[in-house]
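The residues making up each chain are set out below.
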Amino acid sequence: MKHDIPERYTLAFRLYPYAKSPDQDATTPVRHKAVVVGGGPIGLATALDLGRRGVPVVLLDDHEGAGLGSRALCFAKRTLEICDRLGAAKPMLAKGVQWNLGKVFHDDRLLYEFNLLPEGGHAFPAFINLQQPWFEKFLHDAIVAAQAEGAPIELRGKNRVDAVTPAADHVALDVMTPDGPYKVEAEWLIACDGARSPLRNMLGLGFDGRVFEDNFLIADVKMKADFPTERWFWFEPHFKSGDSALLHKQPDDIWRIDFQLGWNIDRAKELEPARIRARVDAMLGPDVDYELDWCSIYTFQCRRMERFRHGRVLFAGDSAHLVSPFGARGANSGVQDVDNLAWKLALVVEGVAPERLLDSYDAERVHGAEENILNSTRATDFITPKTPVSKMFRNAVLALAGSLPFARTVVNSGRLSMPCTYDGSVLNGADHPAMPARTRPGSPCPDAPLDRGWLLSRLGRGFTLMGIGLEVPKAMAGHGVALEGLSLAPTPELGARYLGGAERAVYLIRPDQHVAARWDHLDEAAVAAALARAIGKE
Amino acid sequence: MLITTPNLTRPDESYARLIATHEGLSEAESHALNARLILILMNHIGDEAVLAEAMLLARDPSAV
């Protein structure tokens, strides 16, 4: 090999080893429909979703697989539902640790417990804990399965993008490989290259926001312990290992421990194993046998790009927005980016939808990022109060939370990721006032049990027209888009989640399982108009 | 709508009780008590719009 592509991190799984592509010998650069840069969870999910929709996609990553270290850990129900649509959820569920119970402590006092167990009648649990490399591996397994079924996905390891040149009808890339450089072109470029996004920097785009003046130490430890499968959070813990602490179970007898260290610390010193062990010992007690698995120190940051679409370059995941970890809103929101983008880009590539449909990706996911940053900022302000008076109120809340349930609603150790509702989106159509607010246009469809299986798994890959308590046509078409019909008899869950005060309902549902419009009767002209609106033709 | 017209049933008693509640506390303890009291009263009021009005008024009493 002539050229070295240095590894920035150690791999947990080598998934797509470098292999020379014919593109590297082409005399003129080969142009692809879609190129994804970055092989993290968001890049892999983007390639998978686009490929399953028939869009030829090439993924470039300067590594050959999933990096070591737990990193993203809590995957939310909506993420699992999206991964199920992508054919990747079953092994995640099998390997992941399911949890519902959280406990909040102040000093040595248990203040209260909370149960995340959502209402019944959902295929997936509220959360699973799964180490990020496993999440990536299962997405990769689904890519391999999709490729076997003909999905046009190509993964190129050790392909580092060194330059990007936007043009009117494409984006040109300079790529470095072990066999030297080559050029390639993309009609659409999706930048999933992480928080430090080299593409964002090469394009000179900003990433504004706020850094919180605090450091957090993650110590993932391997131990056979009989702590229950719960999320334990301490404010000002009695064992003095940090200003706050978190204990959370992962698969393979690994436990996530998080200590808040404060701002003025010596990073190198705090990462010395002996020093980490002293903190862990104080927390777990002297008799617990464990080994350190993975450790890291990080600061909280909340940042986002002003816009996620820049012509033919689309940013998704951490490259577009960054939040603090409390609330599990990083990888989960990135997966929602993918969910939102892939169907839109597929319709644009097919020539069915106008390019401006992609502006709704920008609008909807900026809205999602704003919501996540707001929640994350509030949690961070509660966990690490910035002023003496802020700390006084925080501790007053904690002092009341032990005995007064109202104060528990104010305690904020992270508001856990919930899917975003695209209120006010230009894609939203008609609403019906008698139907439940939770399924208003813009909302992600809540799951519900059916006679056989689950509602979400019955929704189509494209648009679905769902009739509850009335028949809708099995197939319709409008504006070049096929519409799959799904007629259902009312059930208690469908009634509560979709009918409300209405006796019957017709829902137009987008390919990302968000509601586009709803009525209490079938009017094909109204459906066609809402469909046009939902693909940006209006 | 925040009530700003006289609304205390026994103003002198309520004020005396507020002062007496702080008796014997250090300044830090008094601040902490005030914080707890504000939170308890906030919950009693409940309405976010009324609370917002009250906080604005406390910050700038001339903004009536």
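Because the structure is a prediction, the values reported are computed rather than measured.

### Remarks on the pairing of strand β22 (residues 463–468) of chain A
All names here are of chain A. Where burial is concerned, most of β22 is hidden: six out of the six residues are buried. On β22, burial covers both faces: F463, L465 and G467 on one face and T464, M466 and I468 on the other are all buried. Alignment of β22 against strand β25 (residues 505–509), held across five bridges, turns out to be antiparallel. Across the sheet, the residue bridging to T464 is I509, located in β25.

### So, empty space enclosed by the protein
All names here are of chain A. On inspection of all chains with the given rule, the structure shows one cavity of 30 Å³ or more. Volume-wise, the largest cavity comes out at about 30 Å³. Lining the largest cavity we find D49, R52, R53, R85, L86 and R461. Here the residues of the lining of the largest cavity are counted per class, giving one nonpolar, no polar and five charged.

### A few points about the nonpolar core
All names here are of chain A. Ranked by internal contacts, the top residues of the largest apolar core, which has 97 residues, are M92, L139, L173, L189, I190, F463 and L508. A total of 10 residues in this core trace back to one element, the largest contributor, which is helix α8 (residues 331–349). Of the domains in this structure, domain 1 (11–96 + 128–207 + 303–370) and domain 2 (437–534) are the two that each give at least three residues to this core. Not counting residues within four places of it along the chain, the set of residues in contact with L139 comprises P41, L44, A45, L48, C83, A88 and M92. Grouped together as the second largest cluster of nonpolar side chains are 28 residues, L111, L246, C302 and A407 included.

### Some details on the side chain of K103 of chain A
Residues and elements named next belong to chain A. In this structure, K103 sits in strand β7 (residues 101–106). We classify K103 as buried; its relative accessible area is 15%. If we ignore the near neighbours within four places in the chain, the residues touching K103 are L110, Y112, E113, F114, E230, R231, W232 and F233.

### Brief notes about the side chain of H32 of chain A
With respect to the secondary-structure elements, H32 of chain A resides in strand β2 (residues 30–37). Beyond its immediate sequence surroundings of up to four residues, H32 of chain A is in contact with D23, V58, R156, V184, E185, A186 and E187 of chain A.

### Some words on the interface of chain B and chain A
The parts lose accessible area when they come together, and the size of an interface is often stated as this lost area. Of the residues lining the interface, eight residues belong to chain B; the matching set on chain A comes to seven residues. Roughly 700 Å² of surface becomes buried between chain B and chain A when both sides are summed, with 92% attributable to carbon and sulfur atoms. One can count zero salt bridges joining chain B with chain A. Counting every contact that joins chain B to chain A gives zero residue pairs in polar contact (both at pLDDT 80 or more). Tallied by class, residues from the side of chain B that touches chain A come to five nonpolar, two polar and one charged.

### Section: the domain arrangement of chain A
All names here are of chain A. As assigned here, chain A comprises domain 1 (11–96 + 128–207 + 303–370) and domain 2 (437–534). Using only C-alpha atoms to locate each centre, domain 1 and domain 2 end up separated by 29 Å. Contacts between the two partners involve 13 residues from domain 1 and, on the opposite side, 13 residues from domain 2. Carbon and sulfur atoms supply 45% of the area that domain 1 and domain 2 bury against each other, a total of about 1100 Å² over both sides. Of all residues in domain 1, the largest losses of buried area upon contact with domain 2 belong to R52, R78 and W343, amounting jointly to 41% of the total for that side. In this structure, the connection of domain 1 to domain 2 is made through six residue pairs in polar contact (both at pLDDT 80 or more). Those elements that provide at least two residues to the side of domain 1 that touches domain 2 are α2 (77–85), α8 and α9 (357–383).

### Some points on the layout of surface pockets
Roughly 1600 Å³ of internal volume is contained in the second largest pocket. I38, L39, M42, L51 and M55 of chain B are, among the 34 residues lining the second largest pocket, the residues nearest its centre. Every element with two or more residues in the lining of the second largest pocket is listed here: α9 and α10 (388–401) of chain A together with α1 (11–21), α2 (27–45) and α3 (48–59) of chain B. At eight residues, the largest contribution of residues to the lining of the second largest pocket is made by α2 of chain B. By residue class, the composition of the lining of the second largest pocket is 20 nonpolar, eight polar and six charged.

### Here's the deal with the sheet that holds strand β9 (residues 127–129) of chain A
All names here are of chain A. As summarised here, the arrangement of the three strands in space is β5-β9-β6, forming an open sheet in which the pairing is antiparallel. Looking at strand neighbours, the two that pair on one side only are β5 (74–76) and β6 (97–98), the edges of this open sheet. Examined bridge by bridge, β5 and β9 share three bridges and lie antiparallel to one another. Within β9, the residue paired with C74 across the bridge is N129. On the sheet, α2 packs against β5 and β9 and is oriented at approximately 70° with respect to β5.

### Some remarks on the packing of helix α1 (residues 41–52) of chain A against helix α4 (residues 132–148) of chain A
All names here are of chain A. One way to put it is that α1 packs onto α4 with a least axis distance of 9 Å and a crossing angle of 20°. Of the possible angle classes, the one that applies to α1 and α4 is roughly parallel. Both α1 and α4 take part in a crossing whose hand is left-handed. Facing α1, whose interface residues are P41, L44, A45, L48 and R52, α4 presents Q132, F135, E136, L139, A142, I143 and A146.

Reading the values: the criteria
Residues numbered from 1 in each chain as written. Chains lettered and ligands numbered in written order. Predicted model: local features only at pLDDT ≥ 70, side-chain atom pairs only at ≥ 80, totals over all residues. Heavy atoms only, no water. Buried < 20%, exposed > 50% of the residue type's maximum accessible area, 1.4 Å probe, protein only. Helix = DSSP H or I, 4+ residues; strand = E, 2+ residues; numbered from the N terminus. Pairing = 2+ DSSP bridges. 1 Å grid on protein atoms, 1.4 Å probe; cavity = no way out; pocket = protein on both sides within 12 Å on 5 of 7 lines; lining within 4 Å. Points joined across faces, edges and corners; volume = space filled by probe spheres on them. Nonpolar A, V, L, I, M, F, W, Y, C, P; charged D, E, K, R; others polar. Core = buried A, V, L, I, M, F, W, Y, C linked by side-chain atoms within 4.5 Å. Domains from an automatic or database assignment. Contact = heavy atoms within 4.5 Å. Buried area = accessible area lost by both parts, 1.4 Å probe. Salt bridge = Lys/Arg side-chain N within 4 Å of Asp/Glu carboxyl O. Polar contact = N/O pair within 3.5 Å; in protein donor to acceptor, adjacent residues only side chain to side chain. Axes fitted to C-alpha atoms, helices over the stretch in contact; angles between N-to-C directions. Parallel < 35°, antiparallel > 145°, perpendicular 65-115°, else oblique. Left-handed = near helix turned anticlockwise from the far one by under 90°.

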